[in-house]
Amino acid sequence: MAKHLIQIIIMGTQVVAKAFTRALQQEIAASQAAARKTGGGTRGAQHVAANYKTGISLEEALQILNVDRIDQVETIERNYKYLMEVNDRSKGGSFYIQSKVVRAKERIDEELKNMKEPPSPPPPPKTYSEQKISKQS
């Protein structure tokens, strides 16, 4: 009886370990795909910061405002005004949808601002003496 119980415990542990390993591999692959998609480096960091700041991804913002590319500024403005007018609360619209439209516009504006700014260069590395001084402080 104890022998069978030990075998069941070992098999259960193996199944859980395999499932955990597979989930971890999928998460790493998804993370790497997201990093490739954002471009990595300074641009990728700006992209992620803008996503975090506005709470919406660029892809979702483009879908909300019904545009394919970020460079369609006139279409973005026209769709933004239309969606805000249609969803006005005084006309029976939804404040929630209006807020999503505003966030989408903010996200696209943030991306346009990041595209216009040249990426800032990283700070120069500290010399050994500067590192030593900062550790002592």
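Draft legend 1. Up close: helix 5 (residues 95-116). For helix 5, spanning 22 residues, the distance from its first C-alpha to its last is 32 Å, which sits close to the expected 32 Å at 1.5 Å a residue. Looking only at helix 5, the buried set comprises Q98, V101, A104, K105, R107, I108, E110, E111 and N114. For helix 5, the capping residue at the N-terminal end is S94, with a side-chain oxygen 3.3 Å from the backbone nitrogen of Y96.

Draft legend 2. Geometry of the packing of aromatic side chains. On inspection of all chains with the given rule, the structure shows 0 aromatic pairs. The ring centre of Y80 lies 5.8 Å from the NZ or CZ of K105, which sits over that ring.

Draft legend 3. Structural context of the pattern of salt bridges. Taken as a whole and judged by the stated rule, the model has 8 salt bridges. Close ionic contact of R103 with E106 constitutes a salt bridge, the shortest N to O distance being 3.1 Å. Highlighted residues: R103 and E106, both in helix 5, separated by 3 residues, approximately one helical turn. Judged by its relative accessible area of 37%, R103 is partly exposed. For D109, the salt bridge is made with K105, and the minimal N-O distance between the two is 3.0 Å. Highlighted residues: D109 and K105, both in helix 5, separated by 4 residues, approximately one helical turn. The class of D109 is partly exposed, set by a relative accessible area of 35%. Through salt bridges with shared partners, one network takes in E77, K105 and D109.

Draft legend 4. Fine view of the nonpolar core. The biggest cluster of nonpolar side chains holds 12 residues, and these are I56, L58, A61, L62, L65, V67, I70, I76, L83, V101, A104 and I108. Contributing elements (two or more residues each) for this core: helix 3 (58-64), helix 4 (73-86) and helix 5. Aside from chain neighbours lying at most four places away, what touches V67 is L62, Q72, T75, I76 and N79.

What counts as what
- Residues numbered from 1 in each chain as written.
- Predicted model: local features only at pLDDT ≥ 70, side-chain atom pairs only at ≥ 80, totals over all residues.
- Heavy atoms only, no water.
- Helix = DSSP H or I, 4+ residues; strand = E, 2+ residues; numbered from the N terminus.
- Expected span 1.5 Å × (residues − 1).
- Buried < 20%, exposed > 50% of the residue type's maximum accessible area, 1.4 Å probe, protein only.
- Polar contact = N/O pair within 3.5 Å; in protein donor to acceptor, adjacent residues only side chain to side chain.
- Phe/Tyr/Trp six-rings, centres within 6.5 Å; stacked < 30°, edge-to-face > 60°.
- Lys NZ or Arg CZ within 6 Å of the ring centre and 35° of its normal.
- Salt bridge = Lys/Arg side-chain N within 4 Å of Asp/Glu carboxyl O.
- Core = buried A, V, L, I, M, F, W, Y, C linked by side-chain atoms within 4.5 Å.
- Contact = heavy atoms within 4.5 Å.

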